[in-house]
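An overview of the molecular structure
One-letter residues, chain by chain:
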Amino acid sequence: MNQRRVSKAIKIGKVTVGGGAPIVVQSMTKTDTRDVMSTIAQIKELEDYGCELVRVAVPDTKAARALSAIKMEISIPLIADIHFDYRLALMAISAGVDGLRLNPGNISQPDKVTAIVHAARERNVPIRIGVNAGSLPKRANPKMTTAQQMVAVAMEQIKLLESLNFDLIKVSLKAFDVPTTIEAYRDIAQKMPYPLHIGITEAGPPRSGIIRSVAGISPLLYMGIGDTIRVSLSAHPREEVIAAYEILKSLDLRSHGPILVSCPSCGRAEVDIIELAQAVEEKLMKIDKPLKVAVMGCVVNGPGEAKDADIGIACGKGKAVLFKKGKKIRTIQEKDFLSVLMAEVERF
Ligand code: SF4
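Analysis parameters
- Residues numbered from 1 in each chain as written.
- Predicted model: local features only at pLDDT ≥ 70, side-chain atom pairs only at ≥ 80, totals over all residues.
- Heavy atoms only, no water.
- Near = heavy atom within 4 Å.
- Nonpolar A, V, L, I, M, F, W, Y, C, P; charged D, E, K, R; others polar.
- Helix = DSSP H or I, 4+ residues; strand = E, 2+ residues; numbered from the N terminus.
- Buried < 20%, exposed > 50% of the residue type's maximum accessible area, 1.4 Å probe, protein only.
- Core = buried A, V, L, I, M, F, W, Y, C linked by side-chain atoms within 4.5 Å.
- Contact = heavy atoms within 4.5 Å.
- Salt bridge = Lys/Arg side-chain N within 4 Å of Asp/Glu carboxyl O.
- Expected span 1.5 Å × (residues − 1).
- Arc of directions from axis to C-beta.
- Polar contact = N/O pair within 3.5 Å; in protein donor to acceptor, adjacent residues only side chain to side chain.
- Axes fitted to C-alpha atoms, helices over the stretch in contact; angles between N-to-C directions.
- Left-handed = near helix turned anticlockwise from the far one by under 90°.
- Parallel < 35°, antiparallel > 145°, perpendicular 65-115°, else oblique.
- Pairing = 2+ DSSP bridges.
- Right-handed = clockwise from strand over helix to strand, strands pointing away.

In this section: the site of the ligand. Taken together, the residues surrounding the ligand are C263, P264, S265, C266, R268, A269, M296, G297, C298, V300 and N301. The residue makeup of the shell around the ligand, split by class, is seven nonpolar, three polar and one charged.

Glancing now at the environment of G267. Within the element layout of this structure, G267 appears in the loop between β11 (259-262) and α9 (273-284). Overall, G267 belongs to the exposed group, its relative accessible area being 84%. Counting along the chain gives 22 residues from G267 to K289, while the straight-line C-alpha distance between them is 33 Å.

Another point: the nonpolar core. Of all hydrophobic cores here, the largest spans 90 residues; its most connected members are I82, L100, V171 and L173. Ignoring sequence-local partners within four residues, the contact set of I82 consists of V58, L88, A89, A92, L100, R101, L102, N103, N106 and I107. In terms of nonpolar packing, the next biggest core, distinct from the first, is built from 25 residues, C263, V293, A294 and L341 among them.

Moving on, we come to the pattern of salt bridges. Applying the stated rule across the entire model yields 21 salt bridges. Of the charged contacts in the structure, one is a salt bridge between R55 and D81, with a shortest N-O distance of 2.6 Å. Linking R55 in strand β4 (residues 53-57) with D81 in strand β5 (residues 78-82), this pair joins segments that are 26 residues apart in sequence. Each of the two residues, R55 as well as D81, counts as buried. Between K335 and D336 there is a salt bridge, with the nearest N and O atoms lying 3.2 Å from each other. For K335, a relative accessible area of 71% gives the class exposed.

So, on to α9. For α9, with twelve residues, the first-to-last C-alpha span of 16 Å sits near the 16 Å given by 1.5 Å per residue. Along α9, the residues classified as buried are I273, L276, A277, V280 and L284. Taken down its axis, α9 places every buried residue within 95° of arc, on the same side. Capping the start of α9 is the job of one residue whose side-chain oxygen sits 3.3 Å from the backbone nitrogen of I274: D272.

Closest axis-to-axis distance for the helix α1 (residues 36-48)/helix α2 (residues 61-73) pair is 10 Å, and the angle between their directions is 35°. Our pair here, α1 against α2, has a crossing hand that is right-handed. Two secondary-structure elements touch here, α1 through V36, T39, I40, I43 and K44 and α2 through A66, A69, I70 and E73. Within the contact of α1 with α2, the residues separate by chemical class into six nonpolar, one polar and two charged.

Here the focus is the packing of helix α3 (residues 86-94) against helix α4 (residues 110-122). Orientation of α3 relative to α4, taken along the N-to-C sense of each, is 5°, at an axis distance of 9 Å. Regarding the angle of α3 to α4, the classification is roughly parallel. Counted together, Y86, A89, L90 and I93 of α3 and K112, A115, I116, A119 and A120 of α4 form the full contact between these two elements. Taken together, the residues of the contact of α3 with α4 break down into eight nonpolar, no polar and one charged.

Attention now goes to the pairing of strand β3 (residues 24-28). The buried fraction of β3 is high, at five of five residues. Every second residue of β3 is oriented toward a common face, with V24, Q26 and M28 on one face and V25 and S27 on the other, all of them buried. Note that β3 and strand β10 (residues 228-229) share two bridges and pair parallel. Considered in β10, the bridge of V25 is made with I229. Following the chain from β3 across α1 to the adjacent parallel β4, one finds a crossover that is right-handed.

Here the focus is the pairing of strand β15 (residues 327-333). In this structure, strand β14 (residues 319-324) lies alongside β15, joined through six bridges in antiparallel fashion. Within the sheet, the bridge partner assigned to K324 lies in β15 and is K327. From the end of β14 to the start of β15, which pair antiparallel, there are two residues, and K325 there has a positive phi angle of about 50°.

The strand order β11-β12-β13-β14-β15 describes an open sheet built from five strands, whose pairing is mixed. Two strands lie at the open edges of the sheet, namely β11 and β15, each paired on one side alone. Taking each pair of neighbouring strands and ignoring which way they run, the sheet shows an average axis angle of 20°.

Rendered as structure tokens:
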């Protein structure tokens, strides 16, 4: 794993992004922001899953007016996602949001950007320059590759913000195409000092979307690029948060709740290991201890993996051996696999 790129630290509310801080997990609500109660409820659920920054869409003035009520009821920093109308950004700043996301593809007139930057500077509100391959401004040079165009648009916007004496900047360059995304981030990471929000946009429903996101986000993180991540899925946003932590845990970049090791099962298994692993995974979701749990199907790799975990079971016909910190604790009967394993997890 490469050393992490050194980026400038910025504060979004109480959360530090960049400057070597832990990689921040964020998501976006899928409720109608004008429906304050539903939006608050969804954000609180995301908080429970470990979401550290949340973004809400601000499509109109009614949504902008809802922001202060939402902000009052939640514990994590709130970011307003603004497109097209710069006045909504001004309203969001007045409402007390902790950050803004602007798309240079649809708010590009310098006077409007200037008005937003002045208001953001007064209240120390960072701005994410969120370039999206699907909404590049018309002025982007079509002779360049998409990745080059994305970088050029972001750099132009960065220069505009810097010329206004503003440096509370975060940048994202998202595309659906994974190689384009990686190329764009690698390029801009060397050109400017600001923290990077990384992700694959419109990645799809969970099955394909998580794989596409992992394919794009993991190589960047491995290269040391990325200060905050969002996994964009056509699913409830809790799935985005769960997937983001799984990526970070897989790369040893964050610890967050348990890690589950389970074998894929095969013709040697004499218990339904797939059903058992899924039931254990479901129960582990509600546990926030950072421990490693193993559920293994037979004696081939079972005892080794189970011993290596904090708590593990290696199953045989109708029974399993329970391991704790590498030591055999007892034999358990098949009907008790789940309950005994989870009791040990609770006790650990
Ligand atoms: Fe098959 Fe045993 Fe390996 Fe599981 S641990 S995949 S049951 S050989």
